[in-house]
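# Inside the fold
Residue-level listing of the chains:
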Amino acid sequence: MTTATAPTISLPDEPGLLARSRWAVSDTLVLARRNLLVWARVPAYLVFTVIQPVMFVLMFRYVFGGAIKIPGGDYVDFLMPGIIGQTAAFASFATAIALAQELKKGVIDRLRSMPMARSAVLTGRLLADTGRMLVTILIIVAVGYAVGFRFHNGVIPAILMVVLATVFGLSICLIAAFTGLAIGDEESVQAFGLIWLFPITFLSSAFVPISSMPGWLQAFANNQPVTYVINTMRALAIGGPIEANLWKSIAWLAGIFIVFVPLAVRAYKRAS
Amino acid sequence: MSQDSSGPAILVEGLTKSFGDVHALRGIDLAVPRGTILGVLGPNGAGKTTAVRILTTLLLPDGGRALVDGRDVVRQAPAVRRSIGLSGQSAAIQEELTGRENLELIGRLYHLSRPESRSRAAQLLEQFDLVDAAGRPAKTYSGGMQRRLDLAASLVGRPQVLFLDEPTTGLDPRSRLGMWDIIRSLVEGGTTLLLTTQYLDEADELADEIVVIDHGLVIAAGTAEELKGRVGGDVLEFTVPDRNRLSDAVTAVAMVGESEPHADKETGVVSVGVGGRGSDALVDGVRALDAAGVQTRGLALRRPSLDDVFLALTGHAAEEEELNGKRRRSRRSKRDETKATS
């Protein structure tokens, strides 16, 4: 019986270490490509990742901007690094929702029962989300330029700002990957995302100078990672002191990766 | 022991798995010869899905061992993954992608080259009658088409052993029959198949051997005919339109039957095994019901179904589920569904 069914297409042989690492890369790329294809086909995702940040730019620039005074500068220059940081952080919603959906629908079960690299579901997801985030950031920068924003500090710091925003967004995506897999229900995951991401981005230096907040709030806003990251991005974009915020940002981001890579991997392994 | 292609396709010995206090599997043994279909039959929560998840390397067992295609599902999990296919209870496909894209994606993840993935996808689309829909996003597919695509996806790697976890749950009757044809044709091609179902007619129709699982234990095994033999003879069945008279009807036919009558409070259907007494029992039954003054509909004698087997083995019907201590009847909803789609 079994000889009669000898496959005309045979699967590659038992993989060695080299083949396995090659597969880990190719599986990641295949899944990242799939994720981007899905993203491009769902209008709602495009609205959420492109149109919404652009609306934020226009709203803060023209509606709230007039009422917000920045000591010694232009509000639009102050605003853009904040919007970019917030957008990068909010990209994580898609990560969490997509993973929760895949889990619920059994897609992850199917992939885990196949002879592919087990890490690829996570790495493919994060790679696609990083690419998507980069596209969004570049669109926002372009819109920013149209409404008066300028990088004042040279090309290399400007590129570094985009890199920092992306790494920051990736770290939040990693947290979201963990919550998406651990909670496994898209509505709950979305609600949970709102509960912590909204406060942590709005109660920061992203949109207004912290000095305009009441004292008790300043204590929080001055000492949380989003503020460190956005202050660093702002310094890279328009100049100013960078040292202290840069190291604190790096420390926070490193800390997030150290804690949440193993947590996300564990949640993926246990996912059922 | 690595590649024992002469042994059974699936061999399970004393498999156990608990989730906290819930003993999902309490020592299951199975042996599935190559090229056959094993039907794993049981109500929701019996442990069917847990068993499939362990055999497909998605879950680690607590105890016992399981070999698939001669490889241990725990110690040789990567090798097992190369010989199996899995199609679960819901269609695990990417709805935004087309049918063809879904299958090509799976091919790429099996590390087939791009042309190989493409030709394998084309082949499967043909086989599963999805050629016309191949270029449409899968979310535009009917439920039956989505399940066919899902099944096709599980075959991309040409598995030796295929696991189908409730492949027809939620399908309308016509799609179900179509699915049965497809499943039968797979086994003709030599694939070994483990199929879980809570539909007794499905196991009867498709499986060479059936094991009945309840509360994490195999409570019976054999061919459909052997299991039906367990009921011992014919079944007298009728419907009581006036549900208030149900208990009277049960009392009346209790004397006629060889076993305890079973009454379904939702549908008003009463059934009782009458052994080999056939037409005598029919006459006695009519007399007894008449004497009790109970009106009935559709009174008849029939050959036992696997439903009766399940009832005889477990004391409860196959499609009664126990969830959170509450008894829910899925039988009625299933009937409604049938009505709605026909």
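Residues numbered from 1 in each chain as written. Chains lettered and ligands numbered in written order. Predicted model: local features only at pLDDT ≥ 70, side-chain atom pairs only at ≥ 80, totals over all residues.

## Quick look at the overall build of chain A
The condition that has to hold: Runs of H or I in DSSP of at least four residues are treated as helices and runs of E of at least two as strands, each being numbered from the N terminus. Residues are treated as contacting if the C-beta atoms built from their backbones sit within 7 Å of each other.
For chain A, the helix and strand inventory stands at 11 helices and 0 strands. Taken from the N to the C terminus, the helices and strands of chain A come in the order α-α-α-α-α-α-α-α-α-α-α. Summarising its shape, the C-alpha atoms of chain A cover approximately 80 × 35 × 35 Å along the three principal directions. Restricting to contacts in chain A with at least 6 residues of sequence separation, those with at least 24 account for 81%.

## Notes on the overall build of chain B
Test applied: Atoms counted for the radius of gyration: C-alpha only. Globule rule: 2.2 Å times residue count to the power 0.38. Three exposure classes are used, based on other C-beta atoms lying within 10 Å of a residue's own C-beta, which is placed from the backbone: buried for 20 or more, exposed for 12 or fewer, and partly exposed in between.
From N to C terminus, chain B includes 12 helices and 16 strands. Its C-alpha atoms give chain B a radius of gyration of 22 Å, within 12% of the compact-globule value 20 Å for 342 residues. Out of the 342 residues belonging to chain B, those deemed buried represent 47%.

## Describing the environment of E205(B)
Along the polypeptide, E205(B) turns up in helix α7 (residues 200–206). The spatial distance from the C-alpha of E205(B) to the C-alpha of A281(B) is 29 Å, given a sequence separation of 76 residues.

## Concerning the domain arrangement of chain B
Keep this limit in mind: Residue ranges for the domains trace back to a domain assignment, done automatically or taken from a database.
Each assigned domain of chain B is listed with its residue range as follows: domain 1 (10–225) and domain 2 (228–341). When each unit is reduced to the centre of its C-alpha atoms, the spacing between domain 1 of chain B and domain 2 of chain B is 33 Å.

## Quick word on the packing of helix α1 (residues 17–41) of chain A against helix α6 (residues 120–146) of chain A
All names here are of chain A. Counted only if it meets this: Here the axes come from fitting lines to C-alpha atoms, over the contacting stretch only for helices, and the angles between their N-to-C directions go from 0 to 180 degrees. Under this scheme an angle from 65 to 115 degrees is roughly perpendicular, one under 35 degrees roughly parallel, and one over 145 degrees roughly antiparallel; angles in between are oblique. Left-handed is the label given to a crossing in which the near helix is rotated counterclockwise from the far helix by less than a right angle, and right-handed is the label when the rotation is clockwise. All amino acids are sorted into three groups, where Ala, Val, Leu, Ile, Met, Phe, Trp, Tyr, Cys and Pro are nonpolar, Asp, Glu, Lys and Arg are charged, and the leftover types, Gly among them, are polar.
It is at 7 Å that the axes of α1 and α6 come closest, and there the two elements cross at 50°. Regarding the angle of α1 to α6, the classification is oblique. Considering how the two elements wind past one another, α1 and α6 form a crossing that is right-handed. Here A24, D27, T28, L31, A32, N35, L36 and W39 of α1 lie close against α6, whose contacting residues are A120, V121, T123, G124, R125, L127, A128, G131 and R132. Class assignment of the residues belonging to the contact of α1 with α6 gives a composition of 9 nonpolar, 5 polar and 3 charged.

## Re the sheet that holds strand β4 (residues 63–68) of chain B
Adjacent strands of a sheet form backbone hydrogen bonds with each other and so pair up, either parallel or antiparallel. Residues and elements named next belong to chain B. We count it as follows: Any two strands are treated as partners once DSSP identifies two or more bridges connecting them.
Taking strand neighbours across the sheet as the criterion, the 4 strands line up as β2-β1-β4-β5 in an open arrangement whose pairing is antiparallel. At either margin of the open sheet sits one strand with a lone partner, and together these are β2 (22–32) and β5 (71–72). The strands that helix α1 (residues 48–55) touches are β1 (10–19), β2 and β4; relative to β1, the one it contacts most, it runs at about 115°.

## A look at the interface of chain B and chain A
Contacts between the two partners involve 32 residues from chain B, matched on the other side by 27 residues from chain A. Looking at the side of chain B that touches chain A, the elements with two or more residues in it are α2 (77–83), β6 (84–87), α3 (99–109) and α4 (114–127) of chain B. Classifying every residue of the side of chain B that touches chain A gives 11 nonpolar, 13 polar and 8 charged.

## Overview of unusual backbone geometry
Residue and element names in this part refer to chain B. One non-glycine residue with positive phi stands out, namely R158, at about 45°. Mapping R158 onto the fold places it in the loop between α5 (143–155) and β7 (161–165). A tally of 18 C-beta atoms within 10 Å means that R158 is categorised as partly exposed.

## Quick word on the nonpolar core
The condition is simple: Nonpolar cores are built from buried Ala, Val, Leu, Ile, Met, Phe, Trp, Tyr and Cys residues. These are joined into a set through C-beta atoms within 7 Å.
Counting residues in hydrophobic clusters, the biggest one holds 97 residues, and the most contacted among them are L174(A), A177(A), F178(A), L181(A), M233(A), A264(A) and L149(B). Broken down by element, the residue count for this core peaks at 15 residues, all from helix α7 (residues 155–183) of chain A. For A264(A), the contacting residues outside a window of four places in its chain are L122(A), L174(A), A177(A), F178(A) and L181(A). Core analysis: the next-biggest nonpolar cluster, separate from the first, contains 55 residues, I37(B), M179(B), V212(B) and F310(B) among them.

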